[in-house]
Amino acid sequence: MIKQISKMSMNALKENPVRSILTTLGIIIGTAIVIIVLSVGAGIKTLILDQITSLTPELLYVEIRVPSSGTRFEKESHTAQSLGAGVQITTMKIKDVEDVLKLQNIESGYGMAIGQSKFTHGSNEETAMIFAVGSEYKDVEGLKFSNGGFFTDREDKALEQVIVIGSTVKERLFGQNSNPIGQKVKVNKQSFEVIGVVEEMGTRYFLNMDEIVYIPIQTAQKKVLGINYIQAMALKMKDKNYMEVTVEQIEKLLRKNHNIKDPEKDDFVVRTLDDSMEIIDTVTNGISILLFLLAAISLVVGGVGIMNVMYVSVTERTHEIGLKKAVGAAPAAIKFQFIFEAVLISLLGGILGVLLGAGISWLVSFIANLVNFEWPFVISSFMIIFALSISVILGITFGYAPAQKAASLNPIDALKSA
Amino acid sequence: MALIELKNVCKSYYSGSLETKAVCSANLKIKSGEFIAIMGPSGSGKSTLMNIMGFLDVPTRGRYYFENKKVTSFDEDSLAEIRNKKVGFVFQFFYLLPRMTALDNVKIPMIYADVKDKEQDKRARKALKQVGLGHRMKNRPNELSGGEQQRVAIARALTNNPKIIFADEPTGNLDSVSAKEIMKIFEKLNKEGKTIILVTHDSKTASYAKRKIRLKDGLIQ
């Protein structure tokens, strides 16, 4: 019985193929968004994890910030605005790094400033991002070299004019199969000797690491960037279990160095890996919630569309319903036929939506990979089953009322409606 | 023992506070195997009476006993089951589903009786042969003449082997030759033991029946 009634539902859909497809549009879009959120979400997670694998829990970052009041996140956006408006915090110095390095739980660390400049070698020119860092950068970040090595603390203190370049920078300045070690590169009208080439790394922290030039921080301050401050420091703890105490010690020390009495007026912020993860989570969760909301709206609109079409279908087939009731169809059998029809429509929409969503997710990962991001295309049977279950539930939910109407028709009135 | 017994059955329609009695104080006994014609002019309530006896409509007053069971207290599901298994309907306008073949149309009542596929096919073919349409099984209603369509409808009414066949103006839409053929089929079915209850205003059609009940203004004369 169920088999034959199901067949009736299917035949009814085949009679109106265009209407059936149009009705599914909302469901298609909704299901596609669900798949995109799940698939792209999983892809992003992999991507972010890949980007921060070098972030070990022992690391602390101290960054400058514009003093203000309010909550942590407000402070940060305030900093971004102020920096954008040209406010520069110049209070953090190399001495701060040296002082912090004396703390008991700090194993190593380096100060950092970021800049940009034009580098030339012969007729080749390349504008690259400068990482002005201390010599410890190599160990803390785990740099590997295809040629030469990194500068030492002695070279940094002696203001020696040496640089380490990323693989792309090397290619553009010296060509692909060359050994630039010992060669000179001009920056800011001064000559620098290349002492190392970093192995190809791809993107990390969402930066293309192969397009970076490393210069000893003190050399860079005096001879390239023309500044006497640093923008951040990275510190490696001996024991991460004492993180909270260590953060407190750093804060106390820097407040003393910077003459700050009110912690509200801090011109720096100490970040832990937990903080970074928290920010990433907040952002990705926010986006996911927004997209799921969009999916929910689309699915409800799609569901109402199905309900509408099912009401039309019941009205169109009142005569058929009357006949079936007259020859002995129980209300439940009629109800089943129409609910099944609604489920078929929404399931069709669900299947098309899964295909569309998977297609878009694949395209996103394909494009991301083209621009060098490690962004995998992730789709699991769980995602598909989840999305299809939603569409089936929608079909039942929104098909119920029209089906109920069909089932409760009076056979004589329904027959006479022909 | 009466197959059908109506006691003081009334059916009224209300529009606002205005009551219109379609059937009033109907008392009737029908025995198994009878061939009855319910006659009367249009609007006399004969169709309403048939619909009540055929479980398609419920009376507003009175009691209806079918096989000595009080039907007036049955719920929707039980009524559906009785319609499915105990009675068959033949209507003036055939009421075949247009997109199905004759064979599939005949199968519809069996779907709701949960008859197995193979058995459905066997019984539907047999019923169609019985009404002389063995060669038209795969045709759709619009490929059949009025008389042929009505014969498909009769075959559909027969498939669950009902006790009673209700026919509401079965020849009302047919030419006289087809009408005669249809009435012969009913006559044959009655001889084979089916109870036939026929509603008609046409005395020629009614002449096939063994007993006539006349209705006027909702009252049995």
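Just above, that's the structure.
The shown structure was predicted, so the numbers you read here are calculated from the model rather than taken from an experiment.

Conventions we followed
- Residues numbered from 1 in each chain as written.
- Chains lettered and ligands numbered in written order.
- Predicted model: local features only at pLDDT ≥ 70, side-chain atom pairs only at ≥ 80, totals over all residues.
- Heavy atoms only, no water.
- Pairing = 2+ DSSP bridges.
- Helix = DSSP H or I, 4+ residues; strand = E, 2+ residues; numbered from the N terminus.
- Buried < 20%, exposed > 50% of the residue type's maximum accessible area, 1.4 Å probe, protein only.
- Contact = heavy atoms within 4.5 Å.
- Phe/Tyr/Trp six-rings, centres within 6.5 Å; stacked < 30°, edge-to-face > 60°.
- Buried area = accessible area lost by both parts, 1.4 Å probe.
- Salt bridge = Lys/Arg side-chain N within 4 Å of Asp/Glu carboxyl O.
- Polar contact = N/O pair within 3.5 Å; in protein donor to acceptor, adjacent residues only side chain to side chain.
- Disulfide = S-S within 2.5 Å.
- Expected span 1.5 Å × (residues − 1).
- Patch = residues over 30% accessible without salt bridge, like charges linked within 9 Å, V, L, I, M, F, W, Y side chains within 5 Å.
- Areas by Shrake-Rupley, 256 points an atom, 1.4 Å probe, with all protein chains shown as cover.
- Lys, Arg positive; Asp, Glu negative; His and termini not counted.
- Charge placed at Lys NZ, Arg CZ, Asp CG, Glu CD.
- Axes fitted to C-alpha atoms, helices over the stretch in contact; angles between N-to-C directions.
- Parallel < 35°, antiparallel > 145°, perpendicular 65-115°, else oblique.
- Left-handed = near helix turned anticlockwise from the far one by under 90°.
- Nonpolar A, V, L, I, M, F, W, Y, C, P; charged D, E, K, R; others polar.

1. Structural notes on the sheet that holds strand β9 (residues 211-216) of chain B
Pairing within the open sheet is mixed, and its 6 strands lie in the order β6-β7-β8-β3-β9-β10 (chain B). Every interior strand has two partners, whereas the edge strands, β6 (87-90) and β10 (219-220) of chain B, have only one.

2. Focus: the environment of Leu-28 of chain B
Residues and elements named next belong to chain B. Relative to the helices and strands, Leu-28 resides in strand β2 (residues 18-31). According to the relative accessible area criterion, Leu-28 is buried, its value standing at 7%. Sequence separation between Leu-28 and Phe-91 is 63 residues; the distance between their C-alpha atoms is 22 Å. When neighbours within four sequence positions are excluded, Leu-28 is seen to be in contact with Ile-4, Glu-5, Leu-6, Leu-49, Met-53, Arg-211, Ile-213 and Ile-220.

3. Observations regarding the packing of aromatic side chains
Residue and element names in this part refer to chain A. Inspection of the entire model under this criterion finds 16 aromatic pairs over all chains. Consider the rings of Phe-150 and Tyr-214, whose centres lie 5.8 Å apart with planes at 65°: the pair is edge-to-face. A residue pair is termed long-range when its members are at least 10 positions apart, and Phe-150 in the loop between β4 (145-148) and α7 (153-157) and Tyr-214 in strand β10 (residues 212-216) qualify at 64 residues. Judged by relative accessible area, Phe-150 falls into the buried class, the value being 11%. Classification of Tyr-214 as buried rests on a relative accessible area of 0%.

4. A word on the interface of chain A and chain B
Contact with chain A, which involves 23 residues of that partner, is made by 20 residues of chain B. Buried area between chain A and chain B, summed over both chains or domains, comes out near 2,200 Å², and the portion from carbon and sulfur atoms is 63%. The interface formed by chain A and chain B includes 3 salt bridges. With its nearest N and O atoms 2.9 Å apart, the salt bridge here joins Lys-3 of chain A to Asp-117 of chain B. On inspection of chain A and its partner chain B, the count reaches 5 residue pairs in polar contact (both at pLDDT 80 or more). Mapped onto the side of chain A that touches chain B, the elements with two or more residues apiece are α1 (2-15), α12 (318-326), α13 (331-370) and α15 (411-416) of chain A. In terms of residues, the side of chain A that touches chain B owes the most to one element, α12 of chain A, which gives 6 residues.

5. Some thoughts on the state of the cysteines
Summed over the entire model, instances satisfying the criterion amount to 0 disulfides over all chains. The thiol of Cys-10 of chain B is unpaired, and the distance to the nearest cysteine sulfur, on Cys-24 of chain B, comes to 3.6 Å.

6. Re α1 of chain A
For α1 of chain A, spanning 14 residues, the distance from its first C-alpha to its last is 20 Å, which sits close to the expected 20 Å at 1.5 Å a residue. Residues of α1 of chain A that are buried include every one of Gln-4, Ile-5, Ser-6, Met-8, Ser-9, Ala-12 and Leu-13 of chain A, and no others. Taken together, the buried residues of α1 of chain A touch α2 (17-23), α12 and α13 of chain A together with α3 (102-112) and α4 (117-130) of chain B.

7. Some remarks on a positive patch on the surface
Residues and elements named next belong to chain B. The grouping of Lys-180, Lys-184, Lys-191, Lys-204 and Lys-210 at the surface amounts to a positive patch. Considering every element that reaches the positive patch, the biggest residue donor is helix α6 (residues 176-191), with 3 residues. Within the secondary structure, Lys-191 is located in helix α6. For Lys-191, a relative accessible area of 71% corresponds to the exposed category.

8. Here we look at the side chain of Glu-320 of chain A
Within the fold, Glu-320 of chain A resides in helix α12. Within the structure, Glu-320 of chain A has its side chain in polar contact with the side chain of Lys-324 of chain A (distance 2.6 Å). If we skip the residues at most four places from it in the chain, Glu-320 of chain A touches Gln-337 of chain A together with Leu-97 of chain B.

9. Some remarks on the packing of helix α11 (residues 273-316) of chain A against α13 of chain A
Residue and element names in this part refer to chain A. Relative to each other, α11 and α13 sit at 140°, their axes nearing to 11 Å. Overall, the two elements α11 and α13 adopt an arrangement that is oblique. For the pair α11 and α13, the crossing hand works out as right-handed. Seen from α11, the contacting residues are Ile-306, Met-310, Ser-313 and Val-314; seen from α13, they are Phe-338, Glu-341, Ala-342, Ile-345 and Ser-346. Classifying every residue of the contact of α11 with α13 gives 6 nonpolar, 2 polar and 1 charged.

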